[in-house]
Amino acid sequence: MARINLLPWREERRQELKKEFLTILALVFALGVGLVLLADRVVNSQVEYQEARNQYLRDNIAELDKKVAEIRELQKRRNQLIERMRVIQELQGNRPIIVRILDQLVRTVPDGVFYTSLKTSDKEISIEGIAESNNRVSSLMRRLDASDWLAEPNLDLVRAAPEYGDSATTFKLTVKVQLPETDEEAEG
């Protein structure tokens, strides 16, 4: 049998396989690095895209916040205007009542009584004045009580006032405003 030395051929084959392996390893490494760089670029582009979207949302939210603040300011103004209109309507509605009450105050003053001050708060009128005598104050209170528009006169203070006459007095009293019942309210 012939002896063939296969060692050099095997060695060459090993070298070729080793070169092939290293070449494939280098290609796989290059491909891996390329894929990592590509993945990095893709992720970075997605992050940049998302950041651009977030900035767009932030800008629009800031714009909407300005509009919301404007709307709140307009609502505040609207409520103020509505409140003013309500007060004006209330004053317009009460104007005839105020005239009637002042008319009743004038009609109920007996001779010898003079008002020096009238003040109103809520549905109450404070009256200060001078009377020729205590009887005149009593007469005023009876007339106020008999009025359809005034009720519950309450005498707070009576003092002698000799500078106005021998039996003259100054007085302070309060009387409540009472709206008379209309025919419809009386029936219902």
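Before any of the text, the structure's been laid out above.
About the cut-offs
- Throughout this document, residue positions are counted from 1 along each chain, in the order its sequence is written.
- Local features in this predicted model are restricted to residues whose pLDDT is 70 or higher, and side-chain atom pairs enter the listing and the counts only when it is 80 or higher, whereas totals over whole chains, interfaces and linings include all residues.
- Here the side-chain values reflect all heavy atoms present in the structure, with hydrogen atoms and water set aside.
- Under the scheme used here, helices are H or I runs from DSSP no shorter than 4 residues and strands are E runs no shorter than 2 residues, and both carry numbers assigned from the N terminus.
- We compute the radius of gyration from the C-alpha atoms alone; for a globule the expected value is 2.2 Å times N to the 0.38, where N is the number of residues.
- When a residue's accessible area, from a 1.4 Å probe over protein chains only, is under 20% of the maximum for its type it is buried; when over 50% it is exposed; and in between it is partly exposed.
- The criterion used for residue contact is that any of the two residues' heavy atoms lie within 4.5 Å.
- Accessibility throughout is a Shrake-Rupley quantity obtained with a 1.4 Å probe, and a residue counts as covered only by protein chains that appear here.
- Charge convention: Lys and Arg are scored as positive, Asp and Glu as negative, and His as well as the terminal groups of each chain are ignored.
- Just so you know, the charge point we use is NZ for Lys, CZ for Arg, CG for Asp and CD for Glu.
- Here, patches come from residues exposed beyond 30% relative accessible area and free of salt bridges, joined within 9 Å for like charges and within 5 Å for nonpolar side chains (Val, Leu, Ile, Met, Phe, Trp, Tyr).
- Whenever Lys or Arg places a side-chain nitrogen within 4 Å of a carboxyl oxygen from Asp or Glu, that contact is recorded as a salt bridge.
- Here, strands pair whenever DSSP counts at least two bridges between them.
- Fitted lines through C-alpha atoms give the axes, limited to the stretch in contact for helices. The angle between two N-to-C directions lies from 0 to 180 degrees.
- Here, the term nonpolar core denotes a set of buried Ala, Val, Leu, Ile, Met, Phe, Trp, Tyr and Cys residues that are joined through side-chain atoms within 4.5 Å.

A. Spatial organisation of the overall build of the chain. When you go through the chain residue by residue, the secondary structure sums to three helices and four strands. Put simply, the chain runs from its N terminus to its C terminus through helices and strands in the order α-β-β-α-β-β-α. For a compact globule of 188 residues, the expected C-alpha radius of gyration is about 16 Å, and the chain comes in at 51 Å, more than 25% above that figure. By principal-axis analysis of the C-alpha atoms, the chain measures approximately 170 × 45 × 30 Å. Within the chain, buried positions represent 17% of all 188 residues. Here the contacts in the chain between residues at least 6 apart in sequence split such that 57% fall between residues at least 24 apart. Surface accessibility of the chain: about 15,700 Å² in total, with carbon and sulfur atoms responsible for 55%. Here the chain contributes 28 positive and 31 negative side-chain charges, whose respective centroids are spaced 13 Å apart.

B. Quick look at the side chain of S133. Structurally, S133 can be placed in the loop between β2 (124–131) and α2 (134–146). Ignoring anything within four residues of it in the chain, the contact list for S133 reads S167 and T169.

C. How the structure looks around a nonpolar patch on the surface. Taken together, the side chains of L31, L35, L38 and V42 make up a nonpolar region of the molecular surface, amounting to roughly 380 Å² of accessible area. Assignment of secondary structure puts L31 in helix α1 (residues 7–108). With relative accessibility at 55%, the residue L31 sits in the exposed group.

D. Layout of the pattern of salt bridges. For the coordinates displayed, the defined rule picks out six salt bridges. Between E63 and K67 there is a salt bridge, with the nearest N and O atoms lying 3.7 Å from each other. On the criterion of helical spacing, the pair formed by E63 and K67 is a turn pair, its members being four residues apart in helix α1. The class for E63 is partly exposed, based on a relative accessible area of 43%. The class of K67 is partly exposed, set by a relative accessible area of 43%. The closest approach of N and O atoms between R86 and E83, which form a salt bridge, is 2.4 Å. Highlighted residues: R86 and E83, both in helix α1, separated by three residues, approximately one helical turn. Given a relative accessible area of 40%, R86 falls into the partly exposed group.

E. Focus on the sheet that holds strand β4 (residues 169–177). A sheet is described by the order of its strands in space; here four strands give the open sequence β1-β2-β4-β3, paired in antiparallel fashion. At either margin of the open sheet sits one strand with a lone partner, and together these are β1 (113–121) and β3 (150–160). Across the sheet, the axes of successive neighbouring strands diverge by a mean angle of 20°, strand direction being ignored. In terms of strand pairing, β3 meets β4 through eight bridges, oriented antiparallel. Bridged to R159 within β4 is T170. Taken strand by strand, α2 contacts β1, β2, β3 and β4, and its axis lies near 165° from that of β3.

F. Structural detail: the side chain of T174. Counting through the fold element by element, T174 comes out in strand β4. With residues near it in sequence (within four places) discarded, T174 still touches E124, I125, S126, E152, P153, N154 and D156.

G. Up close: the pairing of β4. Bridging between β2 and β4 involves eight bridges; their strand directions are antiparallel. Within β4, the residue paired with A131 across the bridge is T169.

H. Structural detail: the nonpolar core. Ranked by size, the top nonpolar core spans 16 residues in total, and within it I125, I127, L144, L150 and F171 carry the most contacts. When residues of this core are traced back to their parent elements, those giving at least two are α1, β2, α2 and β4. The residues contacting I127, other than those within four sequence positions of it, are L105, Y115, S117, L118, L144, F171, K172, L173 and V175.

I. Spatial organisation of unusual backbone geometry. Non-glycine residue E152 carries a positive phi angle of around 50°. If you trace the backbone, E152 turns up in strand β3.

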